[in-house]
Amino acid sequence: MFKRFVPPGRRGTAAAAVAAVAALLATAQPVAAADTPAAPLSDAFGDAAREYDVPRDLLVAVGYGETRLDDHDGLPSQARGYGVMHLVSNPTHQTLALAAEETGLPAAELRQDTAANIRGGAAVLRAYADELGLSAAERDDLGAWYEAVARYSGARDDAAARLYADAVYDLLERGIHASADGGGTVTVAPRPVDPDRGRYASVDLGVFSEDYPAARWVPASSANYQTGRSQEISAVVIHVTQGSYAGTISWFQNPESQVSAHYVIRSSDGEVTQMVRDQDTAWHARSGNAYSIGIEHEGWVDDPAWFTDSLYRSSAALTRHLTERYGIPRDREHILGHVEVPGNDHTDPGPNWDWDYYMQLVGGDAGDPAPPLDFDAYPDLASGATGPEVEALQYLLNQHGYGAGEVDGDFGPRTEEAVRAFQAVVGLSPSGQVDQRTWTALLAAGATPLLSEGSTGEAVSRLQRALTAALGEPVSVDGIFGPETDAAVRAYQDSRGLDVDGAVGPETWGALQSGS
């Protein structure tokens, strides 16, 4: 199976949110048999593209828009889509079954094997092109695939489908450069494209929200929310979609899903779509539904690449508007993560959500001042432990959305539950006990900027704390990446079998954040 891919450029211009559906396209390659070694990802796109006569770059753009070319280890999205091409299996959208029919491959292989999944995505696009009657010459024209791409979205209305396809063609014009863990890249060169929108050319995209004029209005199925409210609006709940923007909008329009949120925000540029009116009760947070407004953010909790500056700024502008309109205090007791709402079993927004930055943008209070976080050693902790290290543990868990409760230095049941939730998300054994690996992952959690000698700032301090825990030796925490930190990074890289270059990039951050 291919390793996960980390998209390179994730920061865009801050957008005054407008919303609808984001999805991207790509080209593919044929897939090797299950018993042969997997080809590099770029080769898989090329092979599938040739086999099914689908433009390779179109195939890549679709996949990149759906998943950032990340297969998420075969786990399904919220809409039950699988793999880098997001082959879907839900009551109203069945691209996984169509891919199985067209390729002759079993559904299990299409879900789990990336090369097979790419081949399946190419086969689905080609099947749609054949239904549209595209000739061989037309299939060579990127612009002629527009309606096939719109159909691939699975959107239940034409406006959402057009927004999805427009996003794919925007990717083709801007180009793609995605770096793979373990080496290699997938690229699409930027070029002008003139899409033939066909039946979508006359679709009206001018329907905007009455509650938040910067957002588009694309209503959820009436089967997925309750009209009216039983309590006053007093909180905002932050979610992560566990899928693409377009797929989430489509899923909330699906009457079988029985879920919804008030707003959905796109990662690439911060566009916003409202799907449930503020005064109606969306089904997003169980016990919190009656009194809260839910905001879904495109992405996956384990991949910080989705949390762009545009997404943060657009979401913060929306939250600021909601707090003003409904008199909601701008603090962390009223602006919550899904994980913090009582009676919920979700972990979003997870450890990669930057609460400090978000609350700064909202213009609110991020909470009490941080307790001391810098120690010469980070001891093992378990239920019953007390002291300043427990305060640091509780504070960090709360900052990353794990709801450890009051920062009181008392390791009780709620702290233990939060530790277990964190451990499960980062792939550690959910023992509820804090060991060296848990400390390393927790101290390293957050944004992953490229750091090297000469770097400064809070990210460097976070790195220094994580290295102290990982190496079992104190590293001075001063926020300055000097010779001591460089030596510690190299020692860590060498001991974990990483490239020893002293630079802290995706590979080193990934190892630290997984507790290695």
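Preceding this paragraph is the structure being described.
Quick caveat, the model's predicted, so the values are computed rather than measured.

A.B. asks: Explain the sheet that holds strand S13 (residues 335-337) here, please?
C.D. replies: Sheets are built from strands that pair by backbone hydrogen bonding, the pairs being arranged parallel or antiparallel. One open sheet accounts for six strands, arranged S6-S10-S9-S12-S8-S13; its pairing is mixed. Each of the sheet's edge strands pairs with one partner strand only, and the pair in question is strand S6 (216-217) and S13. Direction of pairing for strand S9 (residues 263-265) relative to strand S12 (residues 292-297): parallel, over a ladder of three bridges. By the bridge assignment, isoleucine 265 is partnered in S12 with histidine 297. In this fold helix H10 (residues 309-326) packs onto strand S8 (235-240), S9, strand S10 (272-274), S12 and S13, with an angle of close to 170° to the strand it touches most, S12.

A.B. asks: In this structure, what is going on with the pairing of S12? I would like to understand it.
C.D. replies: Remember that side chains alternate between the two faces of the sheet whenever the strand is regular. Most of S12 is tucked away: six of the six residues are buried. Side chains of S12 alternate between two faces, with Ser292, Gly294 and Glu296 and Ile293, Ile295 and His297 buried alike. As paired strands, S8 and S12 are joined by six bridges and run parallel to one another. Across the sheet, the residue bridging to histidine 239 is glutamate 296, located in S12.

A.B. asks: Any chance you could explain the pattern of salt bridges here in plain terms?
C.D. replies: Oppositely charged side chains are able to pair whenever their charged atoms sit close together. Per the counting criterion, the structure on display carries 23 salt bridges. Put simply, arginine 50 and aspartate 47 hold a salt bridge, and the shortest N to O gap is 2.6 Å. In this pair, arginine 50 and aspartate 47 are both assigned in helix H1 (residues 41-52), three residues apart and thus about one turn of the helix distant. Classification of arginine 50 as exposed rests on a relative accessible area of 60%. Among the ionic pairs, arginine 325 bridges to aspartate 211, the shortest N-O distance being 3.4 Å. With a gap of 114 residues between them, arginine 325 in helix H10 and aspartate 211 in the loop between strand S5 (185-188) and S6 connect regions that are remote in the sequence. Assessed through its relative accessible area of 4%, aspartate 211 is described here as buried. Overlapping salt bridges, with partners in common, bring together Glu210, Asp211, Arg277, Asp278 and Arg325 in one network.

Thresholds applied
- Residues numbered from 1 in each chain as written.
- Predicted model: local features only at pLDDT ≥ 70, side-chain atom pairs only at ≥ 80, totals over all residues.
- Heavy atoms only, no water.
- Pairing = 2+ DSSP bridges.
- Helix = DSSP H or I, 4+ residues; strand = E, 2+ residues; numbered from the N terminus.
- Contact = heavy atoms within 4.5 Å.
- Axes fitted to C-alpha atoms, helices over the stretch in contact; angles between N-to-C directions.
- Buried < 20%, exposed > 50% of the residue type's maximum accessible area, 1.4 Å probe, protein only.
- Salt bridge = Lys/Arg side-chain N within 4 Å of Asp/Glu carboxyl O.

The values reported here are purely geometric and, on their own, carry no functional implication.
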